[in-house]
Amino acid sequence: MSLQSIKYSRGSLEILDQLLLPGQSKYLVVRGVEDGWKVINKMQVRGAPAIAIVGCLSLAVEVNPEEFGSKKLLRQEIEGKLNYLVSARPTAVNMKIAADELITLANELDKDENIDVAEMKHRFLSATEAMLKKDIADNRAIGAHGAKAILQGVTEAAGASAGSAGSVRVLTHCNTGSLATAGYGTALGVVRQLAELGKLEHVYCTETRPYNQGARLTAYELVHEKFPATLVLDSMVAALLRAKNVAAVVVGADRVAANGDTANKIGTYQIAVVAKHHGVPFYVAAPLTSIDLAIPSGDHIIIEERPDREMTHVGEHRIAAPGINCWNPAFDVTPASLITGIITERGVFKPAELNAAITKLLES
Ligand SMILES: CSC[C@@H](O)[C@@H](O)C(=O)COP(=O)(O)O
């Protein structure tokens, strides 16, 4: 059973406080939108899909006990509060896409003369709650497509006569597992699927400075799952790819632009450069809710900058010389030219094919 970062039943929402992991497993009660905004902004919950789900469910628990005098008042509440939640963290697009979808739904329900305010509220809550199940199903599909693509790539590289691929070594960055999603994970879902197929020889995870999502969270998940796994520092990736016969890199995404440029945790870009140098395939695993076709390239992605303290301190302990200036962008943009494939729940796409393929899928 994988770790559960989000516990929800109608009227009640709790999140596993990821600031305390791996030392303590403590759930925090999220009573409404103010709590939701704070736990996202402070990164007590993080990871693009989990941010969207917790944001929307924080509104669901707030709306659930309230009585609304009219459908218009309920619609205004939904629209105003969802737009506020989008402001908690700017780079990941999932919260914005979820907010837009729920606002569209609220507008349609408001206009529908056949339903009353109680029915409108019920349908809004059901649509929000559906995100949890959908995210897990999408992650499982991402895992299956991703594992297949990696194994196929290995077979092709070895030449068709080599038969089917043996077990593989992969590298991942940041945390994209159960903690970053409703469950199973995106890039870590691919790793999970390789393990389920008996094809995971080894997984390497980076420390992911400065917030240490790799050392604290991914390592915690990998140990929990008893996968053969090793932690490396961010500065060791080039040496790792030279020495350890890694078959593929697989990372998550916070926002993928229409041309395939991908914003993900700081450090992703340099791993992609190093992977290209060593001829190691570099995959991005992301649900369609992380793909932003409204922006043509990564130049349009707002990169969140986080407080200096995340760099100068580890926990309560100061490691940087007092007085030094810091630059702490939380994400970087990997150019599409460095990406082998974008693994979604609907298949794996080359960056250049992404826009047309997703547009077609969304139309059907
Ligand atoms: C499935 S999570 C995908 C991304 O959100 C993940 O790779 C990442 O960059 C997380 O950043 P974080 O700052 O921890 O929210």
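Where an unreviewed UniProt entry is consulted, the chain appears under the name Methylthioribose-1-phosphate isomerase, with the organism given as Drosophila rhopaloa. Here the chain is described in UniProt, under the heading Function (unreviewed entry), as follows: "Catalyzes the interconversion of methylthioribose-1-phosphate (MTR-1-P) into methylthioribulose-1-phosphate (MTRu-1-P)." As its UniProt record puts it under Pathway (unreviewed entry), the chain is described as follows: "Amino-acid biosynthesis; L-methionine biosynthesis via salvage pathway; L-methionine from S-methyl-5-thio-alpha-D-ribose 1-phosphate: step 1/6."

K.L.:
I'd like a rundown of the overall build of the chain, residues and numbers included.
P.N.:
Each helix and strand in the chain was counted, giving 11 helices and 16 strands. For a compact globule of 364 residues, the expected C-alpha radius of gyration is about 21 Å, and the chain comes in at 21 Å, within 12% of that figure. Each principal axis of the C-alpha atoms in the chain carries an extent, and together these give about 65 × 55 × 40 Å. Taking all 364 residues of the chain together, the buried fraction comes to 54%. A separation of at least 24 residues holds for 76% of the contacts in the chain among residues at least 6 apart in sequence. One finds the centroid of the 37 positive side-chain charges in the chain at a distance of 5 Å from the centroid of its 40 negative side-chain charges.

K.L.:
Can you break down the pattern of salt bridges residue by residue, with the values?
P.N.:
Scanning the model with the defined rule gives 16 salt bridges in all. A salt bridge links K81 to E77, with the shortest nitrogen-to-oxygen separation between them at 3.2 Å. Of this pair, K81 and E77 both sit in helix α3 (residues 71–86), four residues apart, which is roughly one turn of that helix. Since its relative accessible area comes to 16%, E77 is described here as buried. Members of the salt-bridge network, linked through shared partners, are R89, E304, R306 and E310.

K.L.:
Quick rundown of the packing of aromatic side chains? Include the residues and the values.
P.N.:
What the rule picks out here adds up to one aromatic pair. When the centroid spacing of 5.7 Å and the interplanar angle of 10 degrees are considered together, the rings of W37 and Y84 count as stacked. Within this pair, whereas W37 is found in helix α1 (residues 33–41), its partner Y84 is found in helix α3, the two being separated by 47 residues in sequence. Looking at Y84, the relative accessible area reads 29%, which means it is partly exposed. In this structure, K7 is placed above the aromatic ring of Y27, and the distance from its NZ or CZ to the ring centre is 3.9 Å. Seen from the ring of Y184, R192 lies directly overhead, with NZ or CZ sitting 5.4 Å from the centre.

K.L.:
Any details on the site of the ligand? Residues and values, ideally.
P.N.:
Around the ligand, 18 residues are found, and the nearest of them are R46, Q213, D254, N264 and K265. Separating an oxygen atom of the ligand from a side-chain N or O atom of Q213 is a distance of 2.8 Å. Measuring from an oxygen atom of the ligand, one finds a side-chain N or O atom of N264 at 2.6 Å. Of all the elements in the fold, those that place two or more residues in the shell around the ligand are α2 (48–63) and β9 (262–265). Classifying every residue of the shell around the ligand by side-chain character gives seven nonpolar, seven polar and four charged. Of the residues that make up the shell around the ligand, three or more belong to each of domain 1 (6–133) and domain 2 (145–363).

K.L.:
Give me the nonpolar core: which residues, what numbers.
P.N.:
In terms of nonpolar packing, the biggest core is built from 41 residues, with I6, L13, L59, L82 and M95 touching the most fellow members. For this core, the secondary structure elements donating two or more residues are β1 (6–9), β2 (12–16), α1, α2, α3, α4 (94–111) and α5 (117–158). Among the elements that make up this core, the one with the highest residue count is α2 (11 residues). In this structure, L13 is in contact with I6, K7, Y8, L28, V29, V30, V54, L57, S58 and V61, ignoring residues within four places of it in sequence. Core analysis: the next-biggest nonpolar cluster, separate from the first, contains 29 residues, L241, F282, L338 and I358 among them.

The rules we used
- Residues numbered from 1 in each chain as written.
- Predicted model: local features only at pLDDT ≥ 70, side-chain atom pairs only at ≥ 80, totals over all residues.
- Heavy atoms only, no water.
- UniProt positions renumbered as here; feature names shortened; annotations may be inferred.
- Helix = DSSP H or I, 4+ residues; strand = E, 2+ residues; numbered from the N terminus.
- Rg over C-alpha atoms; globule rule 2.2 N^0.38 Å.
- Buried < 20%, exposed > 50% of the residue type's maximum accessible area, 1.4 Å probe, protein only.
- Contact = heavy atoms within 4.5 Å.
- Lys, Arg positive; Asp, Glu negative; His and termini not counted.
- Charge placed at Lys NZ, Arg CZ, Asp CG, Glu CD.
- Salt bridge = Lys/Arg side-chain N within 4 Å of Asp/Glu carboxyl O.
- Phe/Tyr/Trp six-rings, centres within 6.5 Å; stacked < 30°, edge-to-face > 60°.
- Lys NZ or Arg CZ within 6 Å of the ring centre and 35° of its normal.
- Near = heavy atom within 4 Å.
- Polar contact = N/O pair within 3.5 Å; in protein donor to acceptor, adjacent residues only side chain to side chain.
- Nonpolar A, V, L, I, M, F, W, Y, C, P; charged D, E, K, R; others polar.
- Domains from an automatic or database assignment.
- Core = buried A, V, L, I, M, F, W, Y, C linked by side-chain atoms within 4.5 Å.

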